[in-house]
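One letter stands for each residue in the lines below.
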Amino acid sequence: MKTFNKLFTILLTAGLTTACSELKDDTHYKESDTPIANAELKIVDMSSQQYLQSRSDLSSINQLFTAQGIYTELEEKGQLSTMLVVTNDNFTQPSENTEFITRSHVSDISISPANLEDGTRLMMWHGKYVNVSIDSIGQQGNIVDHVLFNNGAVKEVVKTSTGYVYVISDMI
């Protein structure tokens with residue numbers, strides 16, 4: 001019996017060693033792309049700040065965020081965020097309450113389109129909530145023009161390395 005147990009242990013060890021010798025780390029841990037089912041979601045390999053600065057059609061909101069120290073504060077917090085932005089065509093320079101209006105476009109919560117629900121309220125940096133409305137088409141996964149933050153319809157959704165940027169039709 002001792003001989004059998006010893007032989008069994010040797011064979012088992014040899015079998016496991018041989019079976020695992022062909023595996024390499026890059027076989028299991030290789031980089032792979034995860035397919036995204038929603039064509040309306042754009043993914044970029046840069047921060048939200050870098051993304052906004054790279055688009056000339058978002059220069060007005062970018063300048064407002066810079067002037068109000070939004071990027072500095074985001075960097076200090078070191079956490080993911082959601083930013084609601086508008087193109088230059090839809091931008092209105094605040095004449096008063098500039099800080100309040102600017103902070104109404106940034107949230108400490110990084111919320112993906114998949115986690116948005118009709119009636120969701122998103123707390124923004126100005127201490128108030130933005131209401132999310134989603135129509136029946138939006139509930140089927142069509143984001144553009146079917147998801148609204150207050151009255152601003154989503155025109156684009158961008159996943160960055162630091163959160164989400166939603167380009168909307170109207171300022172908050």
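Our subject is the structure that appears above.
Okay, so let's go over this structure.

### Let's talk about the pattern of salt bridges
Now for step 1: In the structure shown here, the tally under the stated rule is six salt bridges.
Now for step 2: Put simply, Glu156 and Arg55 hold a salt bridge, and the shortest N to O gap is 2.8 Å. Of this pair, Glu156 sits in strand 7 (residues 152–160) while Arg55 sits in the loop between helix 3 (48–54) and helix 4 (59–67), and the two are 101 residues apart along the sequence.
Now for step 3: Here the salt bridges share partners, and the residues they tie into one network are Glu73, Lys77, Arg103 and Asp108.

### Examining the layout of surface pockets
Now for step 1: Roughly 240 Å³ of volume is contained in the largest pocket.
Now for step 2: Forming the boundary of the largest pocket are 13 residues, of which Pro113, Ala114, Gly138, Gly141 and Ile143 lie nearest the centre.
Now for step 3: Tallied by class, the residues present in the lining of the largest pocket amount to eight nonpolar, five polar and no charged.

### Focus on the nonpolar core
Now for step 1: Ranked by internal contacts, the top residues of the largest apolar core, which has 37 residues, are Leu52, Phe65, Met83, Val85, Phe149 and Tyr166.
Now for step 2: If you list the elements that add at least two residues to this core, you get helix 3, helix 4, helix 5 (70–77), strand 2 (81–85), strand 5 (129–134), strand 6 (147–149), strand 7 and strand 8 (163–168).
Now for step 3: In terms of residue count, the dominant contributor to this core is strand 8 (five residues).
Now for step 4: When neighbours within four sequence positions are excluded, Val85 is seen to be in contact with Leu52, Leu58, Ile61, Phe65, Val165, Tyr166, Val167 and Ile168.

### Concerning helix 4
Now for step 1: Considered for burial, the residues of helix 4 that qualify are Ile61, Asn62, Leu64 and Phe65. Looking down the long axis of helix 4, one finds its buried residues gathered within 160° of arc, a one-sided arrangement. More than 90 degrees from the buried face of helix 4, the exposed residues found are Gln63 and Ala67.
Now for step 2: Looking at the buried side of helix 4, the elements it contacts are helix 3, helix 5, strand 2, helix 6 (98–103) and strand 3 (106–107).

Quick notes on the rules
- Residues numbered from 1 in each chain as written.
- Predicted model: local features only at pLDDT ≥ 70, side-chain atom pairs only at ≥ 80, totals over all residues.
- Heavy atoms only, no water.
- Salt bridge = Lys/Arg side-chain N within 4 Å of Asp/Glu carboxyl O.
- Helix = DSSP H or I, 4+ residues; strand = E, 2+ residues; numbered from the N terminus.
- 1 Å grid on protein atoms, 1.4 Å probe; cavity = no way out; pocket = protein on both sides within 12 Å on 5 of 7 lines; lining within 4 Å.
- Points joined across faces, edges and corners; volume = space filled by probe spheres on them.
- Nonpolar A, V, L, I, M, F, W, Y, C, P; charged D, E, K, R; others polar.
- Core = buried A, V, L, I, M, F, W, Y, C linked by side-chain atoms within 4.5 Å.
- Buried < 20%, exposed > 50% of the residue type's maximum accessible area, 1.4 Å probe, protein only.
- Contact = heavy atoms within 4.5 Å.
- Arc of directions from axis to C-beta.

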